[in-house]
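Notes for the structure review
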Amino acid sequence: MAQELATFTRPLAKDASSALSTEDLRVHYGAKEALHGVSLNFERHKITSLIGASGSGKSTYLRSLNRMNDTIATAQITGKIMYRNVNINLPQVDVYEVRKHIGMVFQRPNPFSKSIRDNITFALERRGLKDRQKLAEIVEQTLKQASLWEQVKDDLDKSALALSGGQQQRLCIARALAMKPDILLMDEPASALDPISTANIETTMQELKKDYTIIIVTHNMQQASRISDYTAFFHMGQMIEFDQTRRIFTRPQVQLTENYVSGHFG
Amino acid sequence: MDPIAKSLKSTSVSAKIERRGKLITQLCTMVIVLLVIAIFAFIASKGVAIFGQDHGSVLDFFTKTTWNPDKQDAYHRPLIGALPMIVGSFAVTLLSVIVATPFALAAAIFMVEISPKSGKKFLQPVIELLVGIPSVVYGFIGLVVIVPSVQKIAGGSGFGILAGSLVLFVMILPTITSMSVDALKAVPRYYREASLALGATRWQTTYKVVLRAGAPGIMTAVIFGMSRAFGEALAVQMVIGNAILMPTNLASPATTLTSILTMNVGNTIMGTTANNALWTLALLLLLMSLIFNIIIKYLAKRGELK
Amino acid sequence: MNPKRTDKIATTIIYVMATTIVVILIALLLYIFFAGIKTINWHFLTGAAKSFQAGGGIGAQLFNSLYLLVLSMLISLPLALGIAIYLSEYASAQKVAALIRSMIEVLSSLPSIVVGLFGFLVFVINFHLQFSILSGALTLTIFNLPLLVRGIEDALQTVSNSQREAGLALGLSKWETVTHVIIPECLPGIITGVILAAGRVFGEAAALIYTAGQSAPPLNFSNWNILSLTSPLNPFRPAETLAVHIWKVNSEGLIPDATAVSAGSSLVLVVVVLIFNILARYLGNKLYKRLTGE
């Protein structure tokens, strides 16, 4: 049984501050349990990778953190998600507020079919920010953070759909940053992109790390080892091992992790 | 306390907008649900009045042939023999479906099996245009073209079940065709490939494999056509002759449920026996359309199980 | 008989039958065109109808048809949008959604004369609206709703789910995402659905005979007092539409030129419906191009 697998979780250092943590987080789709009780702690202003084979539960876990799984009618999420000392997995917590502070970038770039500028300002305007000067500043600032400003600064009124895939994904990052989140969840953000775009996104993430806590799902182990400070390995709905990235890739404590990172399966 | 933590526990603008938006859509949906319930409730309550307050006989309604609700028989029951209309409605419906189905199937086979390209180019727009022509236009053309032709060939006045069926044939043809096309398209490609690989000709494949696999869908298409034919009012009313008589032949004036309703609702006074009798015809139409619907649902379920 | 021969014969028969259908449509259209074109002139399109003599026009009827169409769309479009959004975005319980869809299907398959009689009973008599544009528009709404809901729902479904997730992930409500992202994106599709429904509504007569009425009081187009009987905008006046007019002149036969008037009216009706269809097709293509990113 999955529950009996050996697991290992290294606690964060004593002086590290936690941005987000989960306790015994479980996800059921109907009667089937897709995620078996995951407890993890994410350090502030660090990048944590979630790795594992397809169907290992890593994406399900990530989508629970900003309660995107709420949109699936059959999904039931139990356990605690602690953010700023609030368990945000309670029904009385405002999901819209949660998603504002915990932003998300998806696997496939999904810009709105609006102009580049409107992609970034749309949600802000909906939340009542009308000051054009302020909006223009945010557009510039977030596009710079996402390393897209130089390429699009003269075409802000052009449709976002005219951008290349890599540019679209960076626009989506800028769009998420415009909401001034604390935490950025990224669900395989480079899997639909070419190697050059991927490298660009990775550089961008290293820059963002200064101000944001990033949790990224990836199926690409090189990527995880290149960019992240911590790595969690998922297998069949269970979190098997959580440790500093270099330890996971050099001296994993659990045999399953060793098998996975050395390419014996998955 | 941390302002962000506090905001998480209060209700955001988004949450309020969401609640309001969802409520709006629920109210709209309530309207249509209530509308459907109201239609059934109103027409059912008006439709049974003839059997209650006017002491009409249900048996008479379905078996007698004299329709004269103002008059009473020896038992003081109104004369509400609706058989001529019922027979007329079924006759035009069945006849038009019998003529239309082979044409519709031929068109569907042409568009799916024989020549999808020219099918899409010529037949598809033709079918769409035929759907678009309003039913009074069909009725008018029936009146000036089909009725005189029937008169020439069959004698009599030309008005009658044959003229009605011919008009309906053109009207339901596009319905049956486009739904049959969907049914044939839903048959997996490998069925055909398997059959052709065994050396069967295209016609053998179409006839023995594709039409059989698509049968539930084709049946649904035919029932849809019937439902449309049964409920069509004006086009039929204009060419059928509107005589409340049992039809003796295809070219003798007859009538249908819809025709009698179209003609007479305006000539009767609400609440009178004559008026109540008409609402019973409307109820019968409503129930028939429900029955067609249930058959279609049943066929769809059977198609899924396969 | 040998299978090859059978195949040939069957194919030939199918060709003949398919061609027959095309020929029927062409003959229909040609007939409508040549029978109608003789009657059509400016006087016919704008003049008043005559009750007993020849030479009447269809001006009021044409206006009534358009006015009724606009009014019923004004009532039914917001409702249909709400219902379609509910079914496509909110109805999370599958059974409830399936039940509501079944009800809408039943509604769409009701004979239009039955819908008309319900409108007569409820709007004309119980609500005391008399034979009026308003009664007609409300009745057409019943007829119109299922068509619109289906069209709009189909259009909403063409937009990728990732757009919905994008909005939600920014902390926006589903309602804002749908109204500001999803609907603008599939607007051509929605308009296509609306125009197709408009074509059906424009030609509808059976549902109107006992609701909008069978008489068209002469209109005075300079009268803007909407409560006056001769004002074109008065929603409480009886209003025979073009389709009802065709039916009426034929079934009553009081005017000597009934055939010519019907032929002219039929041509106008078919041309308007054709324009609607072409417009819908054009917009549909435009949406397709936009969604496939060309």
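Residues numbered from 1 in each chain as written. Chains lettered and ligands numbered in written order. Predicted model: local features only at pLDDT ≥ 70, side-chain atom pairs only at ≥ 80, totals over all residues. Heavy atoms only, no water.

Details of the overall build of chain A
Scanning chain A from terminus to terminus reveals ten helices and eleven strands. Here the C-alpha atoms of chain A give a radius of gyration of 19 Å, agreeing with the 18 Å that 2.2 N^0.38 yields for 266 residues. With the principal axes as the frame, chain A shows a C-alpha extent of 55 × 40 × 40 Å. Within chain A, contacts between residues separated by at least 24 positions form 69% of all contacts whose residues are at least 6 apart in sequence. (Helix = DSSP H or I, 4+ residues; strand = E, 2+ residues; numbered from the N terminus. Rg over C-alpha atoms; globule rule 2.2 N^0.38 Å. Contact = heavy atoms within 4.5 Å.)

Notes on the pattern of salt bridges
Residues and elements named next belong to chain B. Within the structure shown, the criterion is met by 26 salt bridges over all chains. Close ionic contact of Glu113 with Arg192 constitutes a salt bridge, the shortest N to O distance being 2.9 Å. A residue pair is termed long-range when its members are at least 10 positions apart, and Glu113 in helix H5 (residues 83–114) and Arg192 in helix H9 (residues 189–197) qualify at 79 residues. The buried category is assigned to Glu113, whose relative accessible area is 14%. Overall, Arg192 belongs to the buried group, its relative accessible area being 14%. Through salt bridges with shared partners, a single network forms among Asp60, Lys64, Asp73 and Arg77. (Salt bridge = Lys/Arg side-chain N within 4 Å of Asp/Glu carboxyl O. Buried < 20%, exposed > 50% of the residue type's maximum accessible area, 1.4 Å probe, protein only.)

Some details on the sheet that holds strand S4 (residues 47–51) of chain A
The pairing of strands in a sheet happens through backbone hydrogen bonds and is either parallel or antiparallel. Residues and elements named next belong to chain A. Taken in spatial order, the seven strands make up an open sheet running S1-S11-S10-S4-S9-S8-S7, and their pairing is mixed. Strands with a single pairing partner mark the edges of an open sheet, and in this sheet they are strand S1 (8–9) and strand S7 (102–105). Direction of pairing for S7 relative to strand S8 (residues 183–187): parallel, over a ladder of four bridges. Bridged to Val105 within S8 is Met186. Its contacts with the sheet place helix H6 (residues 165–177) against S7 and S8, and it is angled at close to 170° to S7. (Pairing = 2+ DSSP bridges. Axes fitted to C-alpha atoms, helices over the stretch in contact; angles between N-to-C directions.)

Re the UniProt feature "domain: ABC transporter" (unreviewed entry) in chain A
Those residues carrying the UniProt feature "domain: ABC transporter" (unreviewed entry) are residues 20–261 of chain A in this numbering. The distance separating the terminal C-alpha atoms of residues 20–261 of chain A is 26 Å; by composition the span is 38% helix and 27% strand. (UniProt positions renumbered as here; feature names shortened; annotations may be inferred.)

Some points on the interface of chain A and chain C
With 22 residues of chain A at the interface, the matching set in chain C holds 16 residues. For the pair chain A and chain C, the summed buried surface comes to about 1,800 Å²; carbon and sulfur atoms form 61% of the total. Applying the counting criterion to the chain A and chain C interface returns three salt bridges. The salt bridge partner of C:Glu176 is A:Arg126, with a shortest N-O separation of 3.2 Å. (Buried area = accessible area lost by both parts, 1.4 Å probe.)

Concerning the packing of H5(B) against helix H1 (residues 3–37) of chain C
As a packed pair, H5(B) and H1(C) sit with axes 8 Å apart at the nearest point and diverge in direction by 110°. Relative to H1(C), the element H5(B) is oriented roughly perpendicular. On the side of H5(B), the interface is formed by B:Pro102, B:Phe103, B:Ala106, B:Ala107, B:Ile109, B:Phe110 and B:Ile114, while H1(C) contributes C:Thr11, C:Ile14, C:Tyr15, C:Met17, C:Ala18, C:Thr20 and C:Ile21. (Parallel < 35°, antiparallel > 145°, perpendicular 65-115°, else oblique.)

Some remarks on the sheet that holds strand S6 (residues 86–87) of chain A
Residues and elements named next belong to chain A. The strand order across the open sheet formed by four strands is S3-S2-S5-S6, and the pairing between neighbours is antiparallel. Both outer strands of the open sheet, strand S3 (32–43) and S6, are each paired with one neighbouring strand and no more. As judged from the seven bridges shared by strand S2 (residues 18–29) and strand S5 (residues 75–83), these two strands associate in the antiparallel manner. Paired with Arg26 across the two strands is Thr78, which belongs to S5. Contacts between helix H1 (residues 58–65) and the sheet are confined to S2, S3 and S5, with S2 contributing the most and set at about 120° to the helix.

Some words on the UniProt feature "transmembrane region" (unreviewed entry) in chain C
All names here are of chain C. UniProt records the feature "transmembrane region" (unreviewed entry) for residues 12–34, 66–87, 99–125 and 260–280 in the present numbering. Split by type, residues 12–34 is 100% helix and 0% strand. Its first and last C-alpha atoms lie 32 Å apart. As annotated, residues 99–125 has a helix share of 93% and a strand share of 0%, and its two end C-alpha atoms lie 31 Å apart.

Concerning the UniProt feature "domain: ABC transmembrane type-1" (unreviewed entry) in chain C
Per the UniProt entry, the sites bearing "domain: ABC transmembrane type-1" (unreviewed entry) are residues 62–280 of chain C in this numbering. Helix makes up 72% of residues 62–280 of chain C and strand 0%, whereas the separation of the span's terminal C-alpha atoms amounts to 21 Å.

Here's the deal with the packing of aromatic side chains
As enumerated under the stated definition, the model contains 21 aromatic pairs over all chains in all. Residues B:Phe51 and B:Phe61 carry aromatic rings whose centres are separated by 5.9 Å and whose planes lie at 90° to one another, so their mutual orientation is edge-to-face. One end of the pair, B:Phe51, is in helix H3 (residues 49–52); the other, B:Phe61, is in helix H4 (residues 58–63), and ten residues separate them in sequence. Judged by its relative accessible area of 24%, B:Phe51 is partly exposed. Judged by relative accessible area, B:Phe61 falls into the buried class, the value being 2%. Ring centres of C:Phe118 and C:Phe123 lie 6.5 Å apart, and the angle between their planes is 80°; on these two criteria the pair is classed as edge-to-face. One Lys or Arg, A:Arg175, reaches over the ring of A:Phe112 and ends 4.6 Å from the middle of that ring. (Phe/Tyr/Trp six-rings, centres within 6.5 Å; stacked < 30°, edge-to-face > 60°. Lys NZ or Arg CZ within 6 Å of the ring centre and 35° of its normal.)

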